[in-house]
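Overview (structure and organization)
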Amino acid sequence: MNKKTVNDILQMKNVGHKIAALTCYDYVMAKILSSCGVDILLVGDSLATVKLGLDSTLPVTVENIIYHTQAVKRGNDGGALIVSDMPFLSYEASVKDAVYNAGRILKEGGANAVKVEGGAEIADKVSAIVKAKIPVAGHLGLTPQAVNKIGLKVQAKNETARQKLIEDAKILQDAGVFMLTLEAIPEDLAKKVTETLDIPTIGIGAGKYCDGQVLVSDDMLGMFIDFKPKFVKKYANLADTIKSAAEKYISEVKDGSFPAEENVYK
Ligand code: KIV
């Protein structure tokens, strides 16, 4: 099995191959998704909303991310690059915290890289983590860890905000990020950032000009049905599939047709 490296992801931009990323939080899904050839499995702090039913990503802990990264790593037969989110407050307070927590996510969780949200204000943390030989991905635009400041809406709609995002992207690249997630920003701005940077951009609600795309698996599989952002395309409707399987099971238990002969030890 060929394990993807950060250099493989960088090379994909150079040769014009699009990068496909999906979020993943457990062993079973890692086995399925990595066997399909997904390039990156992102252990996102979106696990707060889609797996734990929380209303923001803020409560996620480093321990949560390590636990889920370990499960994803065990299932990653296809050798996708595992990128794990650094949770809120695990890197903002000090450079020391940032390096230590990023290191734990690699050392104990088994991630290949970490992802952090923010621009110029976290550049010192990014370069310190990179110096510790830990690959770092950036995340600009709608950064859910800043929900209390910016909400959960499309970002960088005016000229000042557009210029700031371009500046932040360059600063992050200079600080050493190997890839940049762009969430919920206008397509033409994502195009400009993609053309400006040497590192790949991965869009989520940022249009088709990014070097790659990422979606939350539970959204694109139709498992998480509380709400559907405009940028999500549902490739399946697993909530309905699971519901009808569960209903059939319940009715067969009730009418005695399950377990059948073939399910019984003699
Ligand atoms: O946590 C997450 O799933 C993410 C993606 C939305 C990019 O950061």
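The present account deals with the structure reproduced in this document.

Cut-offs and rules
Residues numbered from 1 in each chain as written. Predicted model: local features only at pLDDT ≥ 70, side-chain atom pairs only at ≥ 80, totals over all residues. Heavy atoms only, no water. Helix = DSSP H or I, 4+ residues; strand = E, 2+ residues; numbered from the N terminus. Rg over C-alpha atoms; globule rule 2.2 N^0.38 Å. Contact = heavy atoms within 4.5 Å. Near = heavy atom within 4 Å. Polar contact = N/O pair within 3.5 Å; in protein donor to acceptor, adjacent residues only side chain to side chain. Areas by Shrake-Rupley, 256 points an atom, 1.4 Å probe, with all protein chains shown as cover. Nonpolar A, V, L, I, M, F, W, Y, C, P; charged D, E, K, R; others polar. Core = buried A, V, L, I, M, F, W, Y, C linked by side-chain atoms within 4.5 Å. Buried < 20%, exposed > 50% of the residue type's maximum accessible area, 1.4 Å probe, protein only. Patch = residues over 30% accessible without salt bridge, like charges linked within 9 Å, V, L, I, M, F, W, Y side chains within 5 Å. Salt bridge = Lys/Arg side-chain N within 4 Å of Asp/Glu carboxyl O.

**As for the overall build of the protein chain**
When helices and strands are counted, the protein chain shows eleven helices and eight strands. The C-alpha radius of gyration of the protein chain comes to 20 Å, within 12% of the 18 Å expected for a compact globule of 266 residues. Along the first, second and third principal axes, the C-alpha atoms of the protein chain reach 70 × 40 × 40 Å. Sequence-distant contacts, at least 24 apart, represent 59% of the contacts inside the protein chain between residues at least 6 apart.

**Brief notes about the site of the ligand**
Close to the ligand lie 13 residues, the nearest being T23, D45, S46, D85 and K115. Separating an oxygen atom of the ligand from a side-chain N or O atom of D45 is a distance of 3.0 Å. For the ligand, whose unbound accessible area comes to 260 Å², protein coverage reaches 96%. Counted by class, the shell around the ligand contains four nonpolar, five polar and four charged residues.

**Some thoughts on the nonpolar core**
One finds L180, L182 and V193 to be the most contacted residues of the largest nonpolar core, which totals 56 residues. In terms of residues, this core owes the most to one element, helix α8 (residues 159–175), which gives five residues. Excluding residues that lie within four positions of it along the chain, L180 makes contacts with G138, H139, L140, A169, L172, V193, L197, I199, P200, T201 and I202. Among the nonpolar cores identified, the runner-up in size contains 16 residues, and I19, L42, L81 and I204 belong to it.

**Let's talk about a nonpolar patch on the surface**
A grouping of Y249, I250, V253 and F258 is seen on the molecular surface, where their side chains present a nonpolar patch of about 370 Å² in accessible area. Note that V253 resides in helix α11 (residues 238–255).

**Looking at the pattern of salt bridges**
Applying the stated criterion across every chain yields a total of 16 salt bridges. Where D124 meets K125, a salt bridge forms, and the shortest distance between an N and an O atom there is 3.6 Å. Residue classification places D124 among the partly exposed residues on the basis of a relative accessible area of 39%. Here K125 falls in the buried class, since its relative accessible area comes to 10%. One salt-bridge network, in which partners are shared between bridges, spans E63, R104 and E108.

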